[in-house]
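A look at the structure
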Amino acid sequence: MSSPRTTMDPPVQLSLPRTPPAPAPGCGVCAALAKQRTAAHGAGDLSAVSDCNVELAAHPKKHPGVR
């Protein structure tokens, strides 16, 4: 029979948050998403900020010449 573990696990190491995605220059959709993100951040709606970041990160794939 084994004895129960009586020690604590080591602390969790968290990284810093990622840098928010930048809007593509000259893209109206990216500019609108960046504006929405700024407004959401000002209102304290971090869920909407996150949603805008996801859309901004995915949107440049729709720009010509960007993979």
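This write-up is about the structure you can find in this document. (Residues numbered from 1 in each chain as written. Predicted model: local features only at pLDDT ≥ 70, side-chain atom pairs only at ≥ 80, totals over all residues. Heavy atoms only, no water.)

This part is about the overall build of the protein. Within the protein, the regular secondary structure consists of two helices and zero strands. The C-alpha atoms of the protein give a radius of gyration of 20 Å, which is well past the 11 Å a tight globule of 67 residues would have. Principal axes of the C-alpha set define a box for the protein whose edges measure 65 × 35 × 20 Å. Across the 67 residues that make up the protein, the buried fraction comes to 24%. Here the analysis covers contacts within the protein between residues at least 6 apart in sequence; of these, 36% occur between residues at least 24 apart. In the structure as shown, the protein presents an accessible area of about 5900 Å², 61% of it carried by carbon and sulfur atoms. Treating the 7 positive side-chain charges of the protein as one cloud and the 4 negative ones as another, the clouds have centres 12 Å apart. (Helix = DSSP H or I, 4+ residues; strand = E, 2+ residues; numbered from the N terminus. Rg over C-alpha atoms; globule rule 2.2 N^0.38 Å. Buried < 20%, exposed > 50% of the residue type's maximum accessible area, 1.4 Å probe, protein only. Contact = heavy atoms within 4.5 Å. Areas by Shrake-Rupley, 256 points an atom, 1.4 Å probe, with all protein chains shown as cover. Lys, Arg positive; Asp, Glu negative; His and termini not counted. Charge placed at Lys NZ, Arg CZ, Asp CG, Glu CD.)

What follows concerns the nonpolar core. Ala-24, Cys-27, Cys-30, Leu-33 and Leu-56 form the largest nonpolar core, which has five residues in total. Apart from the residues lying within four places of it in its own chain, the contact partners of Cys-30 are Pro-23, Ala-24, Leu-56, His-59 and His-63. (Core = buried A, V, L, I, M, F, W, Y, C linked by side-chain atoms within 4.5 Å.)

Relative to the assigned elements, Pro-25 resides in the segment before helix 1 (28–43). The spatial distance from the C-alpha of Pro-25 to the C-alpha of Arg-37 is 16 Å, given a sequence separation of 12 residues.

This part is about helix 1. In a regular helix each residue adds 1.5 Å, so 16 residues correspond to 22 Å; helix 1 covers 23 Å between its end C-alpha atoms and thus fits that length. Every buried residue belonging to helix 1 is among Cys-30, Leu-33, Ala-34, Arg-37 and Ala-40, and all of these are buried. An end-on view of helix 1 places all buried positions within 125° of arc, on one side of the element. Away from its buried face, by an angle of more than 90 degrees, helix 1 presents the exposed residues Gly-28, Lys-35, Thr-38, Ala-39, Gly-42 and Ala-43. On its buried side, helix 1 packs onto helix 2 (46–58). Just past helix 1, the residue Gly-44 takes up positive phi, approximately 80°. (Expected span 1.5 Å × (residues − 1). Arc of directions from axis to C-beta.)

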